Amino acid sequence: MDCCFEIKTTAMRLNTLLLLCLIFWGCKETSQLEDFPLNITAPLIDGDPLIISWNLAGADSLKLDNDLFLKSDTAYFYVVGKDAVRLRVFKKGEVVYEKYIRYKVEDGERLGDVEVLKKQSPVLIPLDYLGVYFSLRETVALIGSKEKANTILVNLLKNLYDKTKRIPVTITKSNEVDEPSVALEMLNLFAHNFQAAGYQVEYSIELPENKQEHFLEALKKHLNDQFIRAIIIDWDKASEVTREWVKNMNRSIITTAGTTGMAVTSAPRLHEINLEKWVNCETKDSAVFLNAELFSKTIEEVKPSDQYHNIVNLTLPSCSKTSNTFESSLWLLDYLLSSLQNGVVQVNINIGSKTMTNQTNAGGPFLFETPLDNLTHHSTTKGKDFFPDEYLLKSVQSPYYAMWMFSDLLEEGNQLQSVSVDSTKSNIKAYGVLTAANKMKFVLINKELSKSGRVFIKDTSIHRAWSTRLTAPQHSSVNGLTYGGRSFDTSTDGEYSGTYYTDKVAGRKTGNRIGMPAVSAAIVQSKH
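What counts as what
- Residues numbered from 1 in each chain as written.
- Predicted model: local features only at pLDDT ≥ 70, side-chain atom pairs only at ≥ 80, totals over all residues.
- Heavy atoms only, no water.
- Salt bridge = Lys/Arg side-chain N within 4 Å of Asp/Glu carboxyl O.
- Buried < 20%, exposed > 50% of the residue type's maximum accessible area, 1.4 Å probe, protein only.
- Helix = DSSP H or I, 4+ residues; strand = E, 2+ residues; numbered from the N terminus.
- Pairing = 2+ DSSP bridges.
- Polar contact = N/O pair within 3.5 Å; in protein donor to acceptor, adjacent residues only side chain to side chain.
- Contact = heavy atoms within 4.5 Å.
- Phe/Tyr/Trp six-rings, centres within 6.5 Å; stacked < 30°, edge-to-face > 60°.
- Lys NZ or Arg CZ within 6 Å of the ring centre and 35° of its normal.
- Axes fitted to C-alpha atoms, helices over the stretch in contact; angles between N-to-C directions.
- Arc of directions from axis to C-beta.
- Core = buried A, V, L, I, M, F, W, Y, C linked by side-chain atoms within 4.5 Å.

Visitor: Explain the pattern of salt bridges to me, and be specific about the residues and the numbers.
Guide: Counted under the stated rule, the structure contains 15 salt bridges. For Arg110, the salt bridge goes to Asp113, with nearest N and O atoms at 2.8 Å. With a relative accessible area of 14%, Asp113 lands in the buried category. Between Arg229 and Asp128 there is a salt bridge whose closest N-O contact spans 2.6 Å. Highlighted residues: Arg229 in strand β13 (residues 228–233) and Asp128 in the loop between β9 (123–124) and β10 (130–135), separated in sequence by 101 residues.

This is the structure in structure tokens:
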């Protein structure tokens, strides 16, 4: 009798437990999705992307392998020797749909082998290596006035200098402004606003050829010393009074490329390079920026010196049909890295305008040079100053993406490490970056117009390697550019959209093998 009672009691407990489980399961409402629509473009050969697009209707997130996406999006997987991606769709934290996306990839061409040249000494990457510049006359029109600040430009600069929190700004052509007080006051306010947000603006300011003492008085009165990093001066032409004044400011001196004055023998030389010297805006060559001759000409323009450092102010062509195409982004990324190898300590990109006329056209009234194309409406001209009353972002152009990608290399202690590239059959460029933690990163640039394939990195120090990609639909694209899955295509405020993601690199005992689409770039590094 006791035995029967014990069995009945146990059965009742099990039934109660089962009922509680069913109630709990029902409360969670984790209904499975019967199907989840996907748009899939499968790769054909190594280096081509597997493209997956989806709409998250009926779910709140998904994972492709281990990459998490929180909204409707498109993902690119640059696969090498892989035949499946795991898809998991989530709702309220539960998996509601799961499948493996399978595909077949043919072996692509081996584009090149990359190997670190350990016997060559690395070059320190200065934290202020990547700068911007514009003329003093353009200051108010570009950064705004006390009443109307250009918050779009602020957002774009914050994005570029998020790692270093240092914004190197060079101000040129001070001789174009008779009375500099207003512009200097705005530069001061601009720097103060950034300082409040945790960024340090560092100005290098060019003295005018005439009325230098007057300009220095205004500089002392209207611009706080803490924001002045350097004074740019043609030392050979400066008066003794000006020279003494500049020395007493206790700021760095930057002089012009042709200076011979012994007092500033070691001062950095400033070089002006305008690509319109070599790039014809009427050219029918749609791949002008992939031309090896153009690249070598610009690099050779600045000769390395054992006595002094070189600084470059770089202006890209104003014609958007060449300078705003994706290929110019690859050119600029390559130029920044190659110039660093060649002894340049800073490259400043022109974000100003060529003219200050009150007209509206494809380039905007400022005719902003790349990488920024800022469009202003309803503006008025007052003497030599140009006061906009509304800022609208027309587009963020291609070279900005190169600056964005390069900015990810700007970390304390990072050094540019020489590498060799065995790429006799392809136009592949490669650079190595040795971090302060003694880990390697690699920057790969495929300048081939139509040749995708794989690159083998002969370095075993990178474990669980991932890549961050700079891509576009084709070399002549002006839209559809992405860096790490993010884009400014739809931006109106200078903020990017899209989910940041990286893709896995196929590891081997002797190194890593990465697929590289035609006309693309990637940073390969260990997963943090």
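There's more to say after this.
Visitor: Can you break down the pairing of strand β26 (residues 453–458) residue by residue, with the values?
Guide: Put simply, side chains in a regular strand alternate between the two faces of the sheet. With 5 of 6 residues buried, β26 is to be regarded as a mostly interior element. Relative to β26, strand β8 (residues 109–116) runs parallel, the two being bridged by 6 bridges. Of the residues in β26, the one forming a bridge with Asp113 is Phe456. Of the pairings in the sheet, the one linking β26 to strand β31 (residues 511–516) comprises 5 bridges and is antiparallel in character. Residue pairing across strands places Arg454 opposite Gly515, the latter belonging to β31.

Visitor: If you had to explain the side chain of Asn310 to someone new, which residues and values would you point to?
Guide: Structurally, the position occupied by Asn310 is in strand β16 (residues 310–315). According to the relative accessible area criterion, Asn310 is buried, its value standing at 1%. Among the polar contacts listed, one links the side chain of Asn310 to the backbone oxygen of Lys303, at a separation of 2.9 Å. Not counting the four nearest positions on each side in its chain, Asn310 is found in contact with Arg269, His271, Val302, Lys303, Pro304, Ser305, Gly343, Val344, Val345 and Gln346.

Visitor: Describe the packing of aromatic side chains, and please don't skip the residues or the numbers.
Guide: Scanning all chains against the criterion turns up 17 aromatic pairs. Taken together, a centroid distance of 5.4 Å and an interplanar angle of 70 degrees make the contact between Trp404 and Tyr483 edge-to-face. Within this pair, whereas Trp404 is found in helix α10 (residues 398–407), its partner Tyr483 is found in strand β28 (residues 482–483), the two being separated by 79 residues in sequence. Aromatic ring contacts, followed pair by pair, group Tyr400, Tyr401, Trp404, Tyr483, Phe488 and Tyr496 into a single cluster. Here the basic side chain of Arg269 rests over the ring of Tyr308, its NZ or CZ set 4.3 Å away from the ring centre. The lysine or arginine in question, Lys447, covers the ring of Phe295, its NZ or CZ lying 4.5 Å from the ring centre.

Visitor: Hey, could you go over the sheet that holds β10 for me, with residue numbers and the actual values?
Guide: The 8 strands lie next to each other as β10-β11-β12-β13-β14-β15-β16-β17, forming a closed barrel whose pairing is parallel. Shown here is a sheet whose adjacent strand axes are inclined to one another by a mean of 30 degrees, direction ignored. Here 4 bridges tie strand β12 (residues 200–206) to β13, and the two strands are oriented parallel to one another. By the bridge assignment for β13, Tyr203 is matched with Ile228.

Visitor: Which residues make up helix α6 (residues 240–248), and what values go with them?
Guide: Regarding α6, the residues found buried are Thr242, Arg243 and Val246. Along the axis of α6, the buried positions cluster into a sector of 100 degrees, meaning they face one direction only. Opposite the packed face of α6, turned more than 90 degrees from it, sit the exposed residues Glu240, Val241 and Asn248. Positioned one or two residues after α6, Asn250 has a phi angle of 55 degrees, which is positive.

Visitor: Please set out the nonpolar core residue by residue, giving values where relevant.
Guide: Ranked by size, the top nonpolar core spans 98 residues in total, and within it Tyr203, Leu219 and Leu314 carry the most contacts. Here this core takes 9 residues from helix α9 (residues 326–341), the largest share from any one element. Setting aside residues no more than four positions away along its own chain, Leu314 makes contact with Tyr133, Ile273, Leu275, Trp331, Leu332, Tyr335, Val347, Asn348, Ile349 and Asn350.

By themselves, these figures tell us nothing about what the structure is for.
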